[in-house]
Amino acid sequence: MAAATPAAAPLDGREVRRLTRRSAAARASTTWWTRVEDAWSTIAYVAILLAVAGGWLASVRDEISVREPVAAAPLPASAAALVALVVVVAGLIGLLDRLGPISASPAAAGWWLPLPADRRGLLRGDLVRLAAGCAATSAVLALPLAMVLPGATPATVTAAAVTAAAAAAGLVGAVALAQTRGRTGRLSTVAGAVAVLASTTAALLAIAPPLARAAGELPAVGGAVPLAAALAAAAVAVLLLVAADRGLGRIGAGALRTLGSTSAFASASVFSMDLRDLGRALARPPRRAPSRPRRFRPARGPGRAVVLADLTLMARSPWQLGQLLVAVALPVLAVRTEGLDRLPVAGAVGLVLGWLLAAVAVGHPSRQGHAMPALDRLLPLSPGRLVVARAVVPAVLLTVVCGCGGLLIGQSGDDLFAWTVLALGAVPAWTAAAVRGAYRPELDWGGPVVSTPMGIVPAGAGATLVQGVDVGLLGSAPILVALLVDGPPLAVLVAVQWGWATAVATAALTYLAHRGAAKG
C-alpha cells in the first residue's frame, strides 16, 4: 500500500507575510549593506533637523523674553498650547478614521484576503507598522519642543518623547479597536467639531480680557512630564494595541478593500504633489440625502443659478464652514497669545495661514465645478462670466472672515476701524486666489519629469501647486507690512492695500477667463 500523504497544515497569517517578504527580497536589487547605509543617513538627517529646530526654537524663546508684552491681557501660552494639542490629536484621529487605520492595498486585497488564512495574522503587521511609525514621528516632533522648556534635562526630554510616542500609539490602538467593533466612520466628524470648538473658544478667550485673565489663573498645562506618567501612558498604549490586535479578525473584507483604495488614492496624491486630489481622497461622501430640501425661486439668468448653487453647496458643507471658523480664530490667536504677541512675524504668519484656510474652504464649489466641467457647459455662460459668477460666494464669505479678523486684531487698540478696513482690502486678492486655485490645471504627466526622493513628478509641479496661493500672498503684501512694522496702519497703506489687491485680483481672474476661453 502506498504511504498516505500527510494533510497540509492550515495557512497561518504570519507565514503568509513571511513568504511575501522573502519573495520581495529575492526580487529586490538592494543589499543589507545598502539598507544599513540608508538607515544611517536617515538617522543623521533627522538628528541634524532636530538640532536646527531646537536652536531655532531657543532663539525664538530668547527673543520673546527681551520684548515687552503688547496685549493688555493676552491668552496664556499654556491655554494656546492646549488648544494646539487638541487640534493635533483631532487631526490624527480624523486621518486614522478616514484611511483605516487598518486597510488592505489592492494587491493584498487580491491575494491575501481570499486565502484560507487567519485574518488576524495577516493584518497584525499593518497595525504594528502604523503604530511604530506614528510613535516615532510624534517622538521626533516632541523632542525640539521639550528641549526648549525651562529647566529641561535629559530625563524630562526623554519623558516627553516617551509620552508623545505612547500617546500616538495609543490613538492608533484606540481607533483600530473602534474599527474592529464597527464603530468608525463618524470619528473624523466628531474630531473636526472638537477642533473647531477648541479654536473658537480660545479666540473668544483671547479677545475678552476678563476671560483671558480667568484662563491665566487656571493651573498651567504643560511643563515637565514625570517619568512615571510617561511609563503609564506607554502601558495604556500597549493595552489598547493588544485589544485591537485581538479583534483584527472581525474586520470585513469589503471594508478593508474600500479603505485600501482610499489610502492608495491619498498616497498617490501625496507623491504626485496634487493637494486637490488629496482633498478629494480625504473627503467623506454624505451618508444620506439632505433631510430638509430647500426650495428656491427661479433664478433669473445662468449667473444667478451658479451663485445659488454655490450657496447651497456651502450651506450643506459643514466641514468647510468649520474651516471658516478656524480661519477667523487663527490670526486672533497669533496676535493675542502670550509670547506670540511680542513677535510681529507670528501675527503675519497667523494671518496668512488663516486666510489661506478660508480661501481653500470657499473654493469648494469651484473645485466641484472643475471636477465636473459638464455642469458649467450646460449653462449659456462665457468663461469670463462664469469666473465672475464663481467669485461671488467666495467674495461674500471672505468679506466676513477678513472683516472679523481685522476687527478682532485691532480690538485691543484705538485703531480698530483702520485694521478692519485694511483687512477688508485683502478680500479681492484672496477671492481670486480661491477661484484660481480651484481651476488650476491638472499635472501634465505627458511631458518631462523630474526625479525626487518621493519618485518622479512632472516638471513644473511646484509652479502648478502654488497657483492661487501666489495671488493671495502677493495681494496681501501691504497688510503683512503693517503687521511686521508693528504699528497702526496709515491711511496711505489702507489705500495701497485696496488698490493693489484689486489690481492683482483683476489680472488673475482675467488670465483665468482667457485660459478657459482658449480651452473652449
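For the structure itself, consult the block above.
Remember, predicted model here, so these are calculated numbers, not experimental data. (Residues numbered from 1 in each chain as written. Predicted model: local features only at pLDDT ≥ 70, side-chain atom pairs only at ≥ 80, totals over all residues. Heavy atoms only, no water.)

1. Considerations on the overall build of the protein
The number of helices and strands found in the protein is 24 helices and two strands. Counted over contacts in the protein with a minimum sequence separation of 6, partners at least 24 positions apart contribute 82%. Approximately 28200 Å² of the protein is accessible, and the part contributed by carbon and sulfur atoms is 70%. (Helix = DSSP H or I, 4+ residues; strand = E, 2+ residues; numbered from the N terminus. Contact = heavy atoms within 4.5 Å. Areas by Shrake-Rupley, 256 points an atom, 1.4 Å probe, with all protein chains shown as cover.)

2. Overview of the state of the cysteines
In the structure shown here, the tally under the stated rule is zero disulfides. Among the cysteines around cysteine 404, which has no disulfide bond, cysteine 402 carries the closest sulfur, lying 9.5 Å off. (Disulfide = S-S within 2.5 Å.)

3. Observations regarding the pattern of salt bridges
It is possible for side chains bearing opposite charge to pair when their charged atoms get close. With the rule as written, the count across this model stands at seven salt bridges. The shortest N-O distance in the salt bridge between arginine 124 and aspartate 245 comes to 2.9 Å. Separated by 121 residues along the polypeptide, arginine 124 in helix α5 (residues 119-147) and aspartate 245 in helix α9 (residues 227-246) bring together distant segments of the chain. The class for aspartate 245 is buried, based on a relative accessible area of 12%. Connected through shared salt-bridge partners, Arg120, Arg124 and Asp245 make up one network. (Salt bridge = Lys/Arg side-chain N within 4 Å of Asp/Glu carboxyl O. Buried < 20%, exposed > 50% of the residue type's maximum accessible area, 1.4 Å probe, protein only.)

4. Examining helix α2 (residues 32-65)
With 34 residues, α2 extends 49 Å from end C-alpha to end C-alpha; this agrees with the ideal 50 Å at 1.5 Å per step. What α2 keeps buried is the set Leu50, Gly54, Val60 and Ile64. Contacts made by the buried residues of α2 are with α5. (Expected span 1.5 Å × (residues − 1).)

5. As for the environment of alanine 159
Among the structural elements, alanine 159 can be located in helix α6 (residues 154-180). With 68 residues separating them in the primary sequence, alanine 159 and leucine 227 have C-alpha atoms 5.2 Å apart. Once residues lying within four places of it in the same chain are set aside, the contact partners of alanine 159 are Val225, Pro226, Leu227 and Ala230.

6. Considerations on the side chain of serine 366
Its place among the elements puts serine 366 in helix α15 (residues 364-371). Discounting chain neighbours no more than four positions away, the residues touching serine 366 are Arg390, Val435, Ala438 and Tyr439.

7. Things to note about the nonpolar core
Ranked by internal contacts, the top residues of the largest apolar core, which has 50 residues, are Leu324, Leu351, Trp355, Val401, Trp419, Trp430 and Ile479. Tryptophan 355 has contacts with Val401, Cys402, Ala423, Ala426, Trp430, Ser476 and Ile479, leaving out every residue within four places of it along the chain. With 29 residues, the next largest nonpolar core counts Ile102, Leu127, Ala176 and Ala253 among its residues. (Core = buried A, V, L, I, M, F, W, Y, C linked by side-chain atoms within 4.5 Å.)

8. Focus: the environment of alanine 142
Tracing the sequence through the fold places alanine 142 in helix α5. Ignoring sequence-local partners within four residues, the contact set of alanine 142 consists of Ala160 and Ala164.

9. Observations concerning the side chain of glutamine 323
Here glutamine 323 shows up in helix α13 (residues 318-335). Beyond its immediate sequence surroundings of up to four residues, glutamine 323 is in contact with Leu357 and Ala361.

10. Digging into a nonpolar patch on the surface
The grouping of Leu474, Leu490, Val492, Val496 and Trp500 at the surface amounts to a nonpolar patch, some 500 Å² of accessible area in total. In terms of residue count, helix α24 (residues 491-519) provides more of the nonpolar patch than any other element does, three residues in total. Here leucine 474 shows up in helix α22 (residues 469-475). Here leucine 474 falls in the partly exposed class, since its relative accessible area comes to 45%. (Patch = residues over 30% accessible without salt bridge, like charges linked within 9 Å, V, L, I, M, F, W, Y side chains within 5 Å.)

11. Quick look at helix α18 (residues 392-409)
For an α-helix the count is 3.6 residues per turn, leaving residues at separations of three or four pointing the same way. The terminal C-alpha atoms of α18 lie 26 Å apart, and with 18 residues this matches the ideal 26 Å at 1.5 Å per residue to within 8%. Every buried residue belonging to α18 is among Val393, Pro394, Leu398, Val401, Cys402, Gly403, Gly405, Gly406, Leu408 and Ile409, and all of these are buried.

So far we have only geometry, and geometry alone does not tell us how the molecule works.
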